[in-house]
Amino acid sequence: MKSRSGDREVVKNFVQSHGCTECHGLGCSFCRSSGSRLQGITAAQFGSITEAIDYAFDQPAVLEVLARGMGPNAMTCQHLATSIRAGHDSCKPETVRAVAHLCGDLARNKQLILAELSEFEIFLCHDALTVKDL
């Protein structure tokens, strides 16, 4: 089993290879002014990142940071569904609560997320899957 610092290193290396070497694409003034460095991450890559995080309870927080770094509406329900499938079963609802609100297509495609959850997990994260009017 990898250590938590090993998990961070895997994620850091992936993000660094796709973005800024100062903040790794997650929010320095250069990245904010030139657009997100993570916008090109595919759902499969997002799932691979999830698999690399061995410490289950770090997954929601790490995935939220990455989703925010992808830029507005770049995160999709397919990204989240792939991440749920690849991640630890114990943190599916927490991952949905952390990331679902960042999915630009939640109103149209939340069934992709629902398909990955049990009825009880859906109950636990129902509020996060409710599309709110802005």
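Report follows, based on the coordinates. (Residues numbered from 1 in each chain as written. Predicted model: local features only at pLDDT ≥ 70, side-chain atom pairs only at ≥ 80, totals over all residues. Heavy atoms only, no water.)

**A few points about the environment of Asp105**
No. 1: Within the secondary structure layout, Asp105 lies in the loop between helix H6 (92-99) and helix H7 (106-114).
No. 2: For the pair Asp105 and Ala74, spaced 31 residues apart in the sequence, the C-alpha separation amounts to 9.1 Å. (Helix = DSSP H or I, 4+ residues; strand = E, 2+ residues; numbered from the N terminus.)

**Notes on the packing of helix H3 (residues 43-52) against helix H4 (residues 59-69)**
The description of two packed helices rests on the angle between their axes and on the distance between the axes.
No. 1: Here H3 crosses H4 at 150 degrees, and the two axes come no closer than 10 Å. For the pair H3 and H4, the crossing hand works out as right-handed. The segment H3 lies against H4, with Phe46, Ile49 and Thr50 engaging Gln59, Leu63, Leu66 and Ala67.
No. 2: Grouping the amino acids of the contact of H3 with H4 by side-chain chemistry returns five nonpolar, two polar and no charged. (Axes fitted to C-alpha atoms, helices over the stretch in contact; angles between N-to-C directions. Left-handed = near helix turned anticlockwise from the far one by under 90°. Contact = heavy atoms within 4.5 Å. Nonpolar A, V, L, I, M, F, W, Y, C, P; charged D, E, K, R; others polar.)

**Brief notes about the nonpolar core**
Most often, soluble globular proteins keep nonpolar side chains buried together rather than apart.
No. 1: Residues Phe46, Met75, Leu80, Val96, Ile113 and Leu129 are the most contacted members of the largest nonpolar core, which totals 26 residues.
No. 2: Of all the secondary structure elements, the ones that give two or more residues to this core are H3, H4, helix H5 (77-86), H6 and H7.
No. 3: Contacts of Ile113, omitting those with residues within four sequence positions, involve Cys77, Leu80, Ala81, Ile84, Val96, Leu106 and Leu129. (Core = buried A, V, L, I, M, F, W, Y, C linked by side-chain atoms within 4.5 Å. Buried < 20%, exposed > 50% of the residue type's maximum accessible area, 1.4 Å probe, protein only.)

**Here we look at the packing of aromatic side chains**
The way to describe two aromatic rings as a pair is by their centre distance and the angle between their planes.
No. 1: By the definition in use, this model includes two aromatic pairs.
No. 2: Ring plane angle 25 degrees and centroid distance 6.4 Å describe the contact between Phe120 and Phe123, whose orientation is recorded as stacked. Of the two residues, Phe120 and Phe123 both sit in helix H8 (residues 119-124), three residues apart, roughly one turn of that helix.
No. 3: Judged by relative accessible area, which is 56%, Phe120 ranks as exposed.
No. 4: Looking at Phe123, the relative accessible area reads 62%, which means it is exposed. (Phe/Tyr/Trp six-rings, centres within 6.5 Å; stacked < 30°, edge-to-face > 60°.)

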